[in-house]
Each structure stands twice: as structure tokens, then as C-alpha cells.
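Letter by letter, the chains look like this.
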Amino acid sequence: MDVQRPAGLSPAEALRSRGLRATRPRVAVLEALADLGPHRSAEEVRARIAEGPDPLPRSSVYGVLEALVGAGLVMTADAGPGRMLYELASRWHHHFVCRICGRVTDVECAGDGKPCLSPVGDVGSVDEAQVIFRGICTSCASAARAQSDPGQLRRGEGRRRV
């Protein structure tokens, strides 16, 4: 799956460039993702489309998202149990998910292209590697440090690990 979205193309042109018909549901989903920004749930996409004159059923949104992922126009991010997030596929990258606040952040690849990682051993032909980093984001870690010992942070003494 090539995820480099053709630059400067309208949603209809992007769909056609991948061999897909530019149907109203497909265009609507691409436009909703462009409006919403990265890391959005299918429900957020459906709600955005519902704000307009032609809402789509939930099942249609899921079907369109699946087709767009398969065509390389949309990427997914696994944000945890039952939480698949979607974004326009502008460049290949990985994700970091905070275990406290749930924030999803893009992480650049270690290499220049796909796959940017290689498995150890012969597993077959690899065309993609997705990495989900999980941990505590800098904002949550800073807040935890400040709550645990605010005086220590003000004095600039050693910092505790969270």
C-alpha cells in the first residue's frame, strides 16, 4: 500500500488516481478527514459528514474508510482496544499513544521509505511495518512530576522519573 497522497489533487482526482470512482460517499469521507485533521475515529468522520446536507450511514462510512485505506489514501492508527483512528495518508509514519491522556502523536520513520524496519529472520516479503509506541507523553509526565513534588521542580533539583 503506497500512502503518498498525490499532492495538490482534489479528493475526486485523488480517488481517480488510485483507480477508484469518485462517489459522493468517498469524496465526503476524504473531505471530512481533511477538515478534521489526523487521528479521527470513524464516528467523528460520520458526525462531520452529518453536519452537511447528505449524511451517511455508519456502515457506509466504515466501508468507505476500508476502501480508502486499501487504496493508500487513508492511514490507520491503532490507539488501543477498540479504538482505530484514521487520517489522510500524506506520508508514512508511526504513532505514539499516551497511556494516560490517550493523545496520539506522529513519530517519524527510522528510514526513508516503506518498510522502514526489517524483521529478523526470513518471514517473507515485507512491504510495510507499523510501529505503535505506547507510554506517557511529555505533558502527562510533566504534570505528574509537578504534582508529586512541585517544590522540587521550582528549585531545579533532580527530577524524579515517572
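Placed above this text is the structure.
In this report, the structure presented in the accompanying data block is examined. Values in this document were obtained by computation on a predicted structure and should not be read as measured data.

Quick notes on the overall build of the chain
Phase 1: Scanning the chain from N- to C-terminus turns up six helices and five strands.
Phase 2: Helices and strands appear in the chain in the N-to-C order α-α-α-α-β-β-β-β-β-α-α.
Phase 3: Out of the 162 residues belonging to the chain, those deemed buried represent 36%.
Phase 4: Looking at the chain alone, contacts between residues at least 24 apart form 46% of all its contacts between residues at least 6 apart.
Phase 5: Approximately 9,500 Å² of the chain is accessible, and the part contributed by carbon and sulfur atoms is 49%.

Some details on the pattern of salt bridges
Phase 1: Scanning all chains against the criterion turns up eight salt bridges.
Phase 2: Here R48 makes a salt bridge to D35, at a shortest N to O gap of 3.2 Å. On the criterion of sequence distance, the pair formed by R48 in helix α3 (residues 42-50) and D35 in helix α2 (residues 24-36) is long-range, its members being 13 residues apart.
Phase 3: The residue R48 makes a salt bridge to E51 at a minimum N-O spacing of 3.6 Å.
Phase 4: One salt-bridge network, in which partners are shared between bridges, spans D35, R48 and E51.

Some thoughts on the state of the cysteines
Phase 1: Counting across every chain of the model gives zero disulfides.
Phase 2: Of all cysteine sulfurs, the one in C140 lies closest to C137, which takes part in no disulfide; the gap is 3.6 Å.
Phase 3: Residue class for C140 comes out buried when judged on its relative accessible area of 14%.

Focus on the environment of P55
Phase 1: Inspection of the secondary structure assignment puts P55 in the loop between α3 and α4 (58-70).
Phase 2: For P55 and A28, which are 27 residues apart along the polypeptide, the C-alpha to C-alpha distance reads 9.2 Å.
Phase 3: Contacts of P55, omitting those with residues within four sequence positions, involve R24, I49 and A50.

A look at α2
Phase 1: An ideal rise of 1.5 Å per residue puts 18 Å on 13 residues; α2 measures up with 18 Å between its terminal C-alpha atoms.
Phase 2: Turning to α2, its buried residues are R26, V27, A28, V29, L30, A32 and L33.
Phase 3: Contacts from the buried residues of α2 go to α1 (11-17), α3, α4, β1 (74-78) and β2 (84-88).
Phase 4: Remark: G37 follows α2 within two positions and exhibits a positive phi of approximately 90°.

Calculation criteria
- Residues numbered from 1 in each chain as written.
- Predicted model: local features only at pLDDT ≥ 70, side-chain atom pairs only at ≥ 80, totals over all residues.
- Heavy atoms only, no water.
- Helix = DSSP H or I, 4+ residues; strand = E, 2+ residues; numbered from the N terminus.
- Buried < 20%, exposed > 50% of the residue type's maximum accessible area, 1.4 Å probe, protein only.
- Contact = heavy atoms within 4.5 Å.
- Areas by Shrake-Rupley, 256 points an atom, 1.4 Å probe, with all protein chains shown as cover.
- Salt bridge = Lys/Arg side-chain N within 4 Å of Asp/Glu carboxyl O.
- Disulfide = S-S within 2.5 Å.
- Expected span 1.5 Å × (residues − 1).

By themselves, these are just geometric observations and shouldn't be taken as functional.
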